[in-house]
Amino acid sequence: MKSIIRSSFLIVIIIPVICSGYSKDNVLVVFNDMSPISIETAMFYKRARGLENKNLFTIKTYPREEVSRIIFDKDIKEPIKRYLIENSMQDTILYIITTKGVPLKISGSGGRNGDHAAVDSELALLYREMIYGDFFKKGKINNPYFNVDPLFFGTRYFNHRDFDIYLVTRLTGFTIEDIKGLIKRGTGGLKTNPNNGSFIFDQKGDKENPGDLWLKQAADLLKERQHTAKLEGTAHFLNSMENVMGYAGWGSNDPNYFGRFLRNKYLDGALATNYVSSNGRTFHEPPKSWSPGNFGNKENYFYGSPQSLAGDFIREGITGVCCNVYEPYLDACVRPNILFPAYTMGYNLAESFYMATKYLSWQTTIVGDPLCCPFGNSEIDFKATEKHDYFQERKLKIKKLCSAKDKDAGKWNIIGQAYLAKNNLPMATKAFQEASLLDKKHLSSFIKVAIAYQKLDELSQAEDIYREILKINPDYVLALNNLAYLLADRGDKLDEAMLIAKKAFQLEPSYNVIDTYGWVCYKKKDCSRALKLFKDALQINSNNPVVLFHLGLTYMKLGDQEKAGLMLEKALNIARYFSGAEKAKKILSELKKTK
């Protein structure tokens, strides 16, 4: 944090507030022909921004908030893609705006590698899909615009020369009156000077929590830029604040959260964010008697959760707010220490939020007019910078490289790297397979796809790739080691896993290969052999938390709880997060209860 603050202090002295470039021509508003409120929202925004008809596109789907992946593809994604392609608007459009009545979220599986997601977060990848094809839908994809201006020089405005995504925001609220108010605040002239507003950051008191650290960083950065920033670090919950230009906190996840509305007075252009897992789950209006509460009290539930709602911020007068349609986990929440410094530098609403959003194809929905830019000059015309056909250049490059007759392994490796970066794992697999068949040195790239599948818990695909690699080079130790570990971890084919692990050990007895061999022995209940192997691995690398975790489990199986506890504690002291960390914490907790 110190380096960030030091750099930003220099910026205060030498860098003036810049303007984020944009034009109304860079916007595509998507509305649903089957939803009257969606149509009215689109027409109201069209008049407010003076949009031409070509910048509005209508879909036709039943106006429910949650849809299946099939409906999303058929009724929403594919029609928008066709419209952009048929009208050659791939580069011209920078911002896609969805409206209330356009489905909000896509149903599916949960967890860190689940495939349920926010509609808007999936639409952000349309540009890439038109070039590289469909993406692997499970899990999240790194946002290339995240923290793109870490020192806040204010020069990385969004464009398609550098970024192959769209910035997608939504115009929504509980009622059409709420939505019109949101639009007016984002598109109208400012009634007050935004530099006179205050920024409120409300911690919940856990100083080591990353969320609280981000709040403190945000306050420090804004104070250095001479903005009024208040940081509440005690158990007190801030509310009823005046002239608020920005707000960030924990919402109903704060133990001292007191009720549905914060009663803050927001200036036009004000933004808000908080760390709430499901505050964007619905924009249906709750009954007046409803109030957020805890998960143990079913009376506080509304649309599947007792948590606070982003719609209440809009009702109270916010101009932009981010929210989550499903559980995003804290690391995927919008970062206030990026959002507010970027906004005050002159980036527009969409740029500021996306700069602070780490992942796409995930749970985040951003509400507000993307062009809102109170700290910059809103008259800049950006369309001239998008006359260049970056889309076709990318498309032709991939097409040229993908020639079926091409026998250049290096080119196929480039294609594979491109698809891997875009999370298109099936196409990356094909490209790396071709490269590796032509030249075995590219196996090191091919194996990255298998590792990516493992992270997504798609173990059968990972297994298939490891086996394909071993057909090309049967003695490739990394593939042998990873396949043996995968089979052992999954708990099936243990005899085969043992043969593979032994072969890797004979070829290259490095500490991770020894650990895998030990893990297979542990799974086969040969704990004496596993104990020796894990100790041998630690002789090579004494500070590897995974090996220590495995050794701790082995001591537990052998009945030595004291040594097991020591190994698990040492593993957690070295790294808070590693494969097995949660299990290690649980075992330690149980061991302490037995003492």
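This text gives an overview of the structure that appears in the document. Since we're looking at a predicted model, the values are computed, not measured.

Helices and strands together make up the secondary structure of the protein chain, namely 22 helices and 15 strands. Against the 2.2 N^0.38 benchmark of 25 Å for 595 residues, the protein chain shows a C-alpha radius of gyration of 26 Å, consistent with a compact globule. For the protein chain, the C-alpha atoms occupy an extent of roughly 75 × 70 × 50 Å along the three principal directions. Taken over 595 residues, the protein chain has a buried fraction of 58%. In the structure as shown, the protein chain presents an accessible area of about 24,900 Å², 52% of it carried by carbon and sulfur atoms. If the 81 positive side-chain charges of the protein chain are averaged to one point and the 67 negative ones to another, these points end up 2 Å apart.

Within the largest apolar cluster, 187 residues are counted, with the highest numbers of intra-cluster contacts made by Y45, I80, Y145, Y166, F201 and Y247. At nine residues, the largest contribution of residues to this core is made by helix α16 (residues 477-490). Other than its neighbours up to four places away in sequence, F201 contacts L215, A218, A219, L222, A229, K230, L231, E232, L238, A248, P336 and F340.

Below, the discussion takes up the environment of Y266. Secondary-structure assignment places Y266 in strand β12 (residues 266-274). With 19 residues separating them along the chain, Y266 and Y247 place their C-alpha atoms 9.2 Å apart. Side-chain polar atoms of Y266 contact the side chain of N264, separated by 3.2 Å.

Take the layout of surface pockets next. One way to see where empty space is left: roll a probe the size of a water molecule over the atoms. In this structure, the largest pocket encloses a volume near 970 Å³. Residue lining of the largest pocket: 24 residues in total, with R112, N113, K140, K455 and L456 positioned closest to the centre. If you list the elements that add at least two residues to the lining of the largest pocket, you get β7 (141-142), α12 (409-421), α14 (443-455) and α22 (581-594). Take the lining of the largest pocket: its biggest share by element is four residues, from α14. In the lining of the largest pocket, the residues fall into nine nonpolar, seven polar and eight charged. There is about 580 Å³ of room inside the second largest pocket. Contributing to the lining of the second largest pocket are 20 residues, with Q454, N482, Y485, V546 and S579 lying nearest its centre. Secondary structure elements with two or more residues in the lining of the second largest pocket: α14, α15 (459-472), α16, α18 (511-523) and α20 (545-557). It is α16 that contributes the most residues to the lining of the second largest pocket, seven residues altogether. Here the residues of the lining of the second largest pocket are counted per class, giving nine nonpolar, seven polar and four charged.

Below, the discussion takes up empty space enclosed by the protein. A complete count under the given rule lists three cavities of 30 Å³ or more for this structure. By volume, the largest cavity is sized at about 110 Å³. Lining the largest cavity are 14 residues, with Y257, R260, L262, L309 and F313 sitting closest to its centre. Here the lining of the largest cavity is composed, by residue class, of seven nonpolar, four polar and three charged. By volume, the second largest cavity amounts to about 50 Å³. Taken together, S121, V168, Y354, T357, Y359, L360, T364, T365 and I366 make up the full set of residues lining the second largest cavity. Those elements giving two or more residues to the lining of the second largest cavity turn out to be β14 (359-360) and β15 (364-367). Of the residues forming the lining of the second largest cavity, the biggest block, three residues, is contributed by β15.

This part is about the environment of S510. Within the secondary structure, S510 is located in the loop between α17 (494-507) and α18. S510 sits in the buried class, given a relative accessible area of 19%. Along the sequence, S510 and L222 sit 288 residues apart, while their C-alpha atoms lie 49 Å from each other.

What follows covers the pairing of strand β8 (residues 167-171). Across the five residues of β8, five count as buried, placing the element largely inside the fold. Of the two faces of β8, the one lined by L167, T169 and L171 and the one lined by V168 and R170 are each fully buried.

A word on the packing of aromatic side chains. Per the counting criterion, the structure on display carries 22 aromatic pairs. On the basis of an interplanar angle of 85° and a centroid distance of 5.4 Å, the ring pair of Y127 and F391 is categorised as edge-to-face. Highlighted residues: Y127 in helix α5 (residues 126-132) and F391 in helix α11 (residues 390-401), separated in sequence by 264 residues. Its relative accessible area of 0% is what places Y127 among the buried residues. Using a relative accessible area of 3% as the deciding quantity, one classes F391 as buried. The interplanar angle of 15° and the centroid separation of 5.8 Å between the aromatic rings of F158 and F163 together place this pair among those described as stacked. When its relative accessible area of 0% is taken as the criterion, F158 is described as buried. Over the ring of Y359 we find K140; its NZ or CZ atom is 5.0 Å from the centre of that ring.

A few words now on helix α6 (residues 176-187). The first and last C-alpha atoms of α6 sit 16 Å apart over twelve residues, in line with the 16 Å expected at 1.5 Å per residue. For α6, the complete set of buried residues consists of I176, D178, I179, G181, L182, I183, R185 and G186. Residues of α6 that are buried in the fold lie against α2 (36-49), β8, β12, α8 (311-316) and β15.

Conventions we followed
- Residues numbered from 1 in each chain as written.
- Predicted model: local features only at pLDDT ≥ 70, side-chain atom pairs only at ≥ 80, totals over all residues.
- Heavy atoms only, no water.
- Helix = DSSP H or I, 4+ residues; strand = E, 2+ residues; numbered from the N terminus.
- Rg over C-alpha atoms; globule rule 2.2 N^0.38 Å.
- Buried < 20%, exposed > 50% of the residue type's maximum accessible area, 1.4 Å probe, protein only.
- Areas by Shrake-Rupley, 256 points an atom, 1.4 Å probe, with all protein chains shown as cover.
- Lys, Arg positive; Asp, Glu negative; His and termini not counted.
- Charge placed at Lys NZ, Arg CZ, Asp CG, Glu CD.
- Core = buried A, V, L, I, M, F, W, Y, C linked by side-chain atoms within 4.5 Å.
- Contact = heavy atoms within 4.5 Å.
- Polar contact = N/O pair within 3.5 Å; in protein donor to acceptor, adjacent residues only side chain to side chain.
- 1 Å grid on protein atoms, 1.4 Å probe; cavity = no way out; pocket = protein on both sides within 12 Å on 5 of 7 lines; lining within 4 Å.
- Points joined across faces, edges and corners; volume = space filled by probe spheres on them.
- Nonpolar A, V, L, I, M, F, W, Y, C, P; charged D, E, K, R; others polar.
- Phe/Tyr/Trp six-rings, centres within 6.5 Å; stacked < 30°, edge-to-face > 60°.
- Lys NZ or Arg CZ within 6 Å of the ring centre and 35° of its normal.
- Expected span 1.5 Å × (residues − 1).

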